[in-house]
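# Geometric and topological summary
In case you want the letters, here they are:
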Amino acid sequence: MTDRVRGQYEAYPYPERDPADEKKRLIVGSPSDLREIDHYLFAGRRDWKRPFRALIAGGGTGDALVMLAQQLADRGTPAELHYLDLSEASARIARARIETRGLQKRVTFHRGSLLDAGKLAPGPWDYIDCCGVLHHLDDPAAGLKALAALLKPHGGMGLMVYGELGRVGVYDAQAMLKDLCAGAPDPERLATARALLGDLPATNRLRRNPLVVDHLKGGDAGLYDLLLHSRDRAYRVGEFAQLIDGAGLGIASFIESARYDPATYLGDAALLEKLKPLSALQRAAFAELLAGNMKTHVCYAAPKARAAVCVARPDDPKAIPYGRDVDFPALARGLANAAPSATFDGLTIKLKLPASAPAILTLIDGKRSLGEVHVQLEPAMDWGKFFAEFRQVYAAFNGINRMLLRHTG
Ligand SMILES: C[S@@+](CC[C@H](N)C(=O)[O-])C[C@H]1O[C@@H](n2cnc3c(N)ncnc32)[C@H](O)[C@@H]1O
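Below or above, wherever it landed, is the structure these notes cover. Keep in mind that this is a model prediction, so the values were computed, not measured.

Bringing the site of the ligand into the picture now. The ligand sits among 20 residues. The nearest are Gly58, Asp85, Ser113, Leu114 and Cys131. Take Gly58: an N or O atom from its main chain is 2.7 Å from a nitrogen atom of the ligand. In isolation the ligand offers 600 Å² of accessible surface; the protein chains occlude 94% of this area. Partitioning the shell around the ligand into residue classes produces nine nonpolar, nine polar and two charged.

This brings us to the nonpolar core. Ile37, Phe52, Leu65, Leu68 and Leu81 are the most contacted members of the largest nonpolar core, which totals 36 residues. Secondary structure elements with two or more residues in this core: α2 (34-41), β1 (52-57), α3 (63-75), β2 (79-85), α4 (88-100), β3 (107-111), β6 (249-255) and β7 (296-303). A per-element tally of this core places α3 first, with six residues. In this view, Leu65 contacts Ile56, Leu81, Tyr83, Ala94, Ile98, Val107 and Phe109; residues no more than four positions away in its chain are not counted. The next biggest cluster of nonpolar side chains, apart from the first, holds 33 residues, and it includes Leu55, Ala148, Leu151 and Ile244.

The next subject is the side chain of Asp232. Here Asp232 is to be found in the loop between α10 (219-227) and α11 (237-246). A polar contact of 3.4 Å, which involves the side chain of Asp232, links it to the side chain of Arg167. Engagement of the side chain of Asp232 in a polar contact is seen with the side chain of Tyr171, the distance being 2.3 Å. Setting aside anything within four residues of it in sequence, one finds Asp232 in contact with His135, His136, Tyr162, Arg167, Tyr171, Gln174, Asp225 and Leu226.

Across the eight residues of β7, six count as buried, placing the element largely inside the fold. Looking at chain direction, strand β5 (residues 151-162) and β7 are connected through six bridges and run antiparallel. Residue pairing across strands places Leu159 opposite Cys299, the latter belonging to β7. Of the pairings in the sheet, the one linking β6 to β7 comprises six bridges and is antiparallel in character. Paired with Ile255 across the bridge in β7 is Val298.

Before going further, it helps to spend a moment on the pairing of β1. Burial within β1 is extensive, with five of its six residues counted as buried. Here β1 runs beside β2; their pairing, made up of six bridges, is parallel. Residue pairing for β2: Arg53 is matched across the bridge by Glu80. As a crossover connection, the stretch from β1 through α3 into β2 is right-handed.

Cut-offs and rules
- Numbers given for residues are sequential positions, taken from 1 along each chain in its written order.
- Since the coordinates come from a predicted model, pLDDT governs what is reported: local features require at least 70, and pairs of side-chain atoms require 80 or more to be given and counted, while whole-chain, interface and lining totals use all residues.
- Values reported for side chains reflect all heavy atoms of the structure, with hydrogen atoms and water molecules removed beforehand.
- Being near a molecule or strand, for a residue, comes down to having at least one heavy atom within 4 Å of it.
- By the criterion applied in these results, polar contacts are pairs of N or O atoms within 3.5 Å in which, for protein atoms, one can donate a hydrogen and the other can accept it, and in which residues neighboring in sequence qualify only through two side-chain atoms.
- Every accessible area reported is derived by Shrake-Rupley at a probe size of 1.4 Å, with residue values counting cover from the shown protein chains alone.
- When residue character is reported, Ala, Val, Leu, Ile, Met, Phe, Trp, Tyr, Cys and Pro are called nonpolar, Asp, Glu, Lys and Arg charged, and the others, Gly included, polar.
- Only buried Ala, Val, Leu, Ile, Met, Phe, Trp, Tyr and Cys residues count toward a nonpolar core, and they belong to the same one when joined by side-chain atoms within 4.5 Å.
- Partly exposed describes any residue whose relative accessible area lies between the buried limit of under 20% and the exposed limit of over 50%, with all areas from a 1.4 Å probe on protein chains only and scaled to the type maximum.
- Runs of E in the DSSP output that reach at least two residues are strands. Runs of H or I that reach at least four are helices, and both are numbered from the N terminus.
- Contacts between residues were defined by any pair of non-hydrogen atoms, one from each residue, lying within 4.5 Å.
- Two strands are said to pair when DSSP picks up at least two bridges between them.
- When the strands point away from the viewer, a crossover counts as right-handed if the path from the first strand over the helix to the second runs clockwise.

Structural measurements only, silent on function.
Below, the structure written as structure tokens:
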């Protein structure tokens with residue numbers, strides 16, 4: 001079966017990328033944005049002048065590799081990145097993208113299975129990216145264990161697996177295509193898939209699921225990956241947590257964490273009260289059922305003892321809050337006209353902010369520490385009140401992964 005998985009990615013490297021596009025734009029996403037790695041795995045305190053070693057396991061056509069290599073180069077970090085994938089065709093594209101950016105000195109390419117990472121790329125690693133890969137393994141638990149064993153004690157991982165509820169209809173279509181395509185060559189499979197998609201009745205669950213678009217917008221590779229894959233499975237929150245736990249890791253944070261909080265969706269205070277006794281994980285599982293739209297789960301994970309303490313905390317006056325691709329002073333100017341919101345997989349979340357939010361956000365420029373924001377705030381308030389208000393602002397924007405924290409030294 002692994003040969004079939006490899007064969008697919010040799011024929012249809014995923015996602016489709018043109019190395020020439022590296023001259024025009026950098027693709028940034030989660031996991032593995034360096035700002036997130038710093039915040040969620042190194043408490044905002046990593047010294048990026050120190051060497052950093054990362055493994056990109058199942059690196060595909062190179063999105064995480066390219067993002068990491070560029071961001072590390074921009075910071076002047078002495079970095080060593082190792083890419084590992086079954087597919088030579090995918091590696092060729094990833095390599096061409098890296099070469100287009102002139103970053104090849106930082107990267108070593110390996111071909112093989114991440115199950116053999118201990119032999120091929122033993123590390124130890126400060127960071128391992130494994131995005132969209134584990135759910136294609138015969139034994140995802142063995143795959144994650146093999147990778148977790150290669151982490152440095154203070155290292156961590158960025159993970160993504162498919163979410164079950166947002167993929168409604170995908171497995172129906174996969175099952176139908178197995179009946180229709182048995183033994184057929186790839187071009188015929190793709191043609192059959194397109195014919196079926198064009199002939200789905202209005203009630204079909206894939207047709208009625210607007211969240212899944214890879215088969216419509218992702219080219220041949222996207223269509224094959226979604227509907228013709230020889231092996232994929234999807235996870236509920238609890239199953240994903242079990243997988244992580246089984247590898248000796250704990251979840252440092254889901255991305256975006258607000259999506260995993262029932263309070264993001266429920267307005268009824270009595271219902272929320274009933275949820276108070278639940279653990280964070282039970283609340284996350286509840287939120288997944290409630291929202292019903294999660295088609296992937298992204299998280300940062302670290303060795304169990306560290307997972308609870310490796311995320312930056314918003315209660316340190318020396319921490320510097322900053323926007324992840326948001327200009328908070330500019331956003332503050334617009335707050336009088338419209339309350340901010342964020343849309344994830346078809347659902348718009350309205351952010352709950354205190355009255356002091358515009359005054360606080362005006363001062364969050366990525367340079368001032370929290371202590372400085374407090375001292376310069378008008379009207380002035382004592383630290384206790386300020387912290388209570390800032391915490392609401394932080395919960396709102398960090399919950400959608402837009403406000404992060406770092407320390408200067
Ligand atoms: C869906 S793609 C994801 C690529 C990339 N991580 C991304 O997020 O864009 C899955 C990749 O995992 C690779 N892969 C699948 N099983 C693997 C294994 N056992 N070891 C290493 N790579 C594997 C495939 O060749 C493919 O490139």
